[in-house]
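Structural overview for review
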Amino acid sequence: MAIILDGKALAKKVRKRIKSEISELGIIPGLAVVLVGEDSASAVYVRNKGRACKRSGIFSETIRLPENAEEKELLQIIEKLNQNPKFHGILVQLPLPKHIDETAVIDAISPKKDVDGFHPHNIGLLQQGRPQFIPCTPKGIVELLKEHNIETAGKHAVVLGRSQIVGIPAAILFSAKSIGNSTVTICHSATKNIREIAKTADILIAAIGRAEFVTAEFVKNGAVVVDVGINRIEKNDESKLVGDVKFEEVSKIASAITPVPGGVGPMTIAMLLENTLISAKSNL
Ligand code: NAP
């Protein structure tokens with residue numbers, strides 16, 4: 001049976017450390033969260049982020065815009081937040097309504113306040129091995145493996161998914177000499193023999209958004225399995241959250257595995273707090 005990589009417990013530890021650092025900082029770090037529209041999952045994520053800020057001594061404010069808000073209005077709000085010294089971090093909750101160009105919005109956030117690490121400037125710095133803000137989900141994965149003394153150097157990491165917010169930055173982090181130092185393979189929807197490739201992984205990171213797609217057949221005995229997926233499914237008249245990995249069967253052959261919920265999700269929020277603290281410190 002695999003070791004459970006408990007993200008909830010580590011996130012709590014990180015929040016405690018952040019709170020204690022803030023108490024000696026002399027300023028209160030501030031995070032602005034912008035939520036456009038009524039997406040229920042996004043609303044939950046934003047609420048959780050607000051709560052986590054409060055618990056760790058970070059000031060946060062959520063700016064809510066209606067579903068039909070214009071892109072221009074959103075860009076104007078971001079510009080104001082860029083100038084507002086109260087906020088060290090700005091996060092625009094994704095996905096945005098279809099009529100808004102996500103790239104234009106990400107580009108508009110000051111790279112100095114881009115605590116999600118999605119701005120091309122920050123992705124460029126990460127790729128060059130001199131990161132300022134590392135995207136929260138991959139950063140949380142690395143921290144979780146580190147906490148459990150899981151060696152990544154020289155290992156074969158297979159990343160399922162190539163999104164700009166998870167798959168690609170995870171691949172960059174795992175391949176970076178000073179971070180993961182792994183050999184990395186990226187798979188996506190056009191990959192042939194994905195099951196066979198996944199089975200060669202020492203570390204398998206699933207970030208595709210397909211409920212329980214990764215079965216035991218995808219996993220080598222003793223592999224470390226990181227499940228990023230958050231999928232809501234209906235089972236026996238009940239709605240529940242599952243990952244991209246079929247936990248019951250994969251946990252029997254993996255050496256370590258992240259649960260859903262309680263694995264990567266809480267770590268993502270913890271790293272957002274950490275990035276906000278890093279930003280506040282760089283303004284001292
Ligand atoms: P995304 O933007 O939809 O990207 C999905 C990626 O998976 C794409 O690269 C896509 O390939 C690939 N893909 C989709 N179906 C596939 C299949 N059948 N076989 C192989 N590759 C496939 O998703 P995302 O934003 O990265 O999120 C992925 C999952 O993680 C979602 O469930 C999301 O809710 C969750 N998530 C969790 C956290 C957390 O904190 N735990 C954070 C962010 C996201 P193409 O590029 O070819 O289309």
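If you're wondering where the values come from, they're calculated on a predicted model, not measured in any experiment.

Reading the values: the criteria
Residues numbered from 1 in each chain as written. Predicted model: local features only at pLDDT ≥ 70, side-chain atom pairs only at ≥ 80, totals over all residues. Heavy atoms only, no water. Near = heavy atom within 4 Å. Polar contact = N/O pair within 3.5 Å; in protein donor to acceptor, adjacent residues only side chain to side chain. Areas by Shrake-Rupley, 256 points an atom, 1.4 Å probe, with all protein chains shown as cover. Helix = DSSP H or I, 4+ residues; strand = E, 2+ residues; numbered from the N terminus. Nonpolar A, V, L, I, M, F, W, Y, C, P; charged D, E, K, R; others polar. Salt bridge = Lys/Arg side-chain N within 4 Å of Asp/Glu carboxyl O. Buried < 20%, exposed > 50% of the residue type's maximum accessible area, 1.4 Å probe, protein only. Pairing = 2+ DSSP bridges. Core = buried A, V, L, I, M, F, W, Y, C linked by side-chain atoms within 4.5 Å. Domains from an automatic or database assignment. Patch = residues over 30% accessible without salt bridge, like charges linked within 9 Å, V, L, I, M, F, W, Y side chains within 5 Å. Axes fitted to C-alpha atoms, helices over the stretch in contact; angles between N-to-C directions. Parallel < 35°, antiparallel > 145°, perpendicular 65-115°, else oblique. Left-handed = near helix turned anticlockwise from the far one by under 90°. Contact = heavy atoms within 4.5 Å.

1. Brief notes about the site of the ligand
- As a matter of local geometry, the ligand sits amid 21 residues, with Arg162, Ser163, Ser189, Val228 and Thr268 nearest to it.
- One of the side-chain N or O atoms of serine 163 is found 2.5 Å from an oxygen atom in the ligand.
- In the model, a nitrogen atom of the ligand is placed 3.2 Å from a nitrogen or oxygen of the arginine 210 side chain.
- In the complex, the protein chains occlude 72% of the 940 Å² of accessible area that the ligand would expose alone.
- Top element by residues in the shell around the ligand is helix H10 (residues 264–282). It accounts for three residues.
- Here the residues of the shell around the ligand sort into nine nonpolar, ten polar and two charged.

2. Here we look at the pattern of salt bridges
- Within the structure shown, the criterion is met by nine salt bridges.
- Among the ionic pairs, lysine 146 bridges to glutamate 143, the shortest N-O distance being 3.3 Å. Note that lysine 146 and glutamate 143 are positioned in helix H6 (residues 136–147) at a spacing of three residues, about one turn of the helix.
- The partly exposed category is assigned to glutamate 143, whose relative accessible area is 25%.
- The structure contains a network of salt bridges with shared partners spanning Arg17, Glu21, Lys139, Glu274 and Lys281.

3. Observations concerning the sheet that holds strand S8 (residues 224–227)
- Spatially, the six strands line up as an open sheet ordered S1-S11-S8-S7-S5-S6, and their pairing is parallel. Each edge of the open sheet carries a strand with a single partner, namely strand S1 (3–4) and strand S6 (183–187).
- Bridging between S8 and strand S11 (residues 256–257) involves two bridges; their strand directions are parallel. Bridge pairing links valine 225 to isoleucine 257 in S11.

4. Re the nonpolar core
- Of all hydrophobic cores here, the largest spans 50 residues; its most connected members are Leu31, Ile141, Leu145, Phe174, Ile205 and Val228.
- Counting residues per element, this core draws most heavily on H10, which supplies nine residues.
- Counting contributing residues, this core receives three or more from each of domain 1 (27–113) and domain 2 (136–265).
- Core analysis: the next-biggest nonpolar cluster, separate from the first, contains 20 residues, Val34, Leu74, Leu96 and Val105 among them.

5. Some remarks on the domain arrangement of the protein chain
- Domain annotation of the protein chain identifies domain 1 (27–113) and domain 2 (136–265).
- A C-alpha centroid distance of 27 Å is found between domain 1 and domain 2.

6. Considering a nonpolar patch on the surface
- A grouping of Val44, Tyr45, Ile230 and Leu241 is seen on the molecular surface, where their side chains present a nonpolar patch of about 290 Å² in accessible area.
- Mapped onto the elements, isoleucine 230 comes out in the loop between S8 and strand S9 (231–235).
- Using a relative accessible area of 40% as the deciding quantity, one classes isoleucine 230 as partly exposed.

7. Overview of the pairing of strand S7 (residues 203–206)
- Side chains Ile203 and Ile205 of S7 all project onto a buried face; the interleaved residues Leu204 and Ala206 project onto the opposite face, where all are buried too.
- Direction of pairing for strand S5 (residues 156–160) relative to S7: parallel, over a ladder of four bridges. Looking at S7, one finds that alanine 157 is bridged to isoleucine 203.

8. Some points on the packing of helix H2 (residues 40–56) against H10
- One way to put it is that H2 packs onto H10 with a least axis distance of 10 Å and a crossing angle of 55 degrees. On the basis of their axis angle, the class for H2 and H10 is oblique. Along this stretch, H2 crosses H10, giving a crossing that reads as right-handed. Contacts between H2 and H10 involve Asn48, Lys49, Ala52, Cys53 and Ser56 from the first element and Ile269, Leu272 and Leu273 from the second.
- Taken together, the residues of the contact of H2 with H10 sort by class into five nonpolar, two polar and one charged.

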